[in-house]
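Listed here are the chains, written in short residue letters.
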Amino acid sequence: VRLVKREAPDVVHGYMHANVLTVLLKVLFPRTRCVWGMRGSNMDLSRYDWLARILESIEGKLSQFADLIIVNSWAGRDCAISRGYTAHNMIVIPNGIDVAEFYPDKAAGDELRACWGLAPRDILIGRIGRLEPMKDYPTFFEAAAELKKRFPDVRFLCMGTGPPNSEQDLKALAVRLDLTRNLIFSGLRREMRGVYNTLSLLTSSSGWGEGFPNVVAEALACGVPSVVTDVGDSRLLVGHPDFVVPPRDPLALANAWEQCLRHQPQWNAQEARQRIVTNYNLQNLTRRTEAALLTTATANQTRNSASGVPASSTMTKPCQPTAFGKRL
């Protein structure tokens, strides 16, 4: 309250559960516009504490008082509306990927493979993300154990950090599944372009909660095939049914990996990258967000239209391709 009183901002922008605080500030500062940021979808609230469940319920009821709600995925928008969030002040602005940073770079990939003791032809399947329940590493590990029966020398990369003991718990699971010799735990790395370019396949095995999975978009920008669970906008990003499986289904995930490795469904790395360059670049994110925020900051208290934002700040959902190079 002291900060808003001193700075007198035109807009206070919240993210996730901090959204509730922005609405409470409107009581004291009615001229300050309130913008919400929503980043996930289909959260499994049974996995979280009582406070998260209460805040989720409160958010839905208070959403009508937000001047603008920016959601970073179509799946997140649909999920929020189904849970009672107001739709008239909600728009979708997907995350933006730095396509000048993420691009095919075989030399960087080969260098990192050599550091990990991998030959250029070795199969490496990567899972990159926080070591937390939402990311569903157990499904990834169980699928890895199944694929190992078919490709004994396959290797798997796990990259990320999480709560205390999360890595130790996963290593214990790897021992039970006889995966220890096939796994690389690398922790965090700052230079990610080389990491993506080491991979034969990237996988997102999330069981719930994803909105716009950045790692999938970054891998695609590098031309790397990505097999994903059908959570959040993962299906929309990949754009190919052979690379999408149901969540929490290790056998389906292993089968999709095998199909990709043995039969290579039509995969065009250049078109995969172009999909990200066209639809999900940083410039699109900046332009749409700037337009939405400026309009909200300068709008009258009474919204000028049913949507509350100009056409320039909205985004139409990208067409789902039937195959790479063919668009509906």
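That block above? That's the structure.
## Points about the layout of surface pockets
Here is step 1: Volume-wise, the largest pocket comes out at about 820 Å³.
Here is step 2: What lines the largest pocket is a set of 34 residues, and nearest its centre among them are Met16, Arg39, Gly40, Met43 and Gly209.
Here is step 3: A breakdown of the residues in the lining of the largest pocket according to their chemical character gives 14 nonpolar, eleven polar and nine charged.

## Notes on the nonpolar core
Here is step 1: Of all hydrophobic cores here, the largest spans 64 residues; its most connected members are Phe141, Phe156, Tyr196, Trp257 and Ile276.
Here is step 2: It is helix H6 (residues 137-150) that provides the largest number of residues to this core, a total of seven residues.
Here is step 3: Filtering out sequence-adjacent residues up to four positions away, tryptophan 257 remains in contact with Ile125, Phe140, Ala143, Ala144, Leu147, Phe156, Leu201, Thr203 and Val227.
Here is step 4: In terms of nonpolar packing, the next biggest core, distinct from the first, is built from 13 residues, Trp36, Ala66, Ala80 and Tyr85 among them.

## Remarks on the sheet that holds strand E6 (residues 155-159)
Here is step 1: Spatial strand order, E7-E6-E5-E8-E9-E10: six strands in an open sheet with parallel pairing. On the outer flanks of this sheet lie strand E7 (183-185) and strand E10 (244-245), each paired with one strand and no other.
Here is step 2: Two strands pair when backbone bridges link them, and strand E5 (residues 124-128) and E6 are joined in this way by five bridges, in the parallel orientation. Bridging across to E6, isoleucine 128 finds its partner in methionine 159.
Here is step 3: Against the sheet, H6 touches E5, E6, E7 and strand E8 (201-204), its axis set at about 170° to E6.

Thresholds applied
Residues numbered from 1 in each chain as written. Predicted model: local features only at pLDDT ≥ 70, side-chain atom pairs only at ≥ 80, totals over all residues. Heavy atoms only, no water. 1 Å grid on protein atoms, 1.4 Å probe; cavity = no way out; pocket = protein on both sides within 12 Å on 5 of 7 lines; lining within 4 Å. Points joined across faces, edges and corners; volume = space filled by probe spheres on them. Nonpolar A, V, L, I, M, F, W, Y, C, P; charged D, E, K, R; others polar. Core = buried A, V, L, I, M, F, W, Y, C linked by side-chain atoms within 4.5 Å. Buried < 20%, exposed > 50% of the residue type's maximum accessible area, 1.4 Å probe, protein only. Helix = DSSP H or I, 4+ residues; strand = E, 2+ residues; numbered from the N terminus. Contact = heavy atoms within 4.5 Å. Pairing = 2+ DSSP bridges. Axes fitted to C-alpha atoms, helices over the stretch in contact; angles between N-to-C directions.

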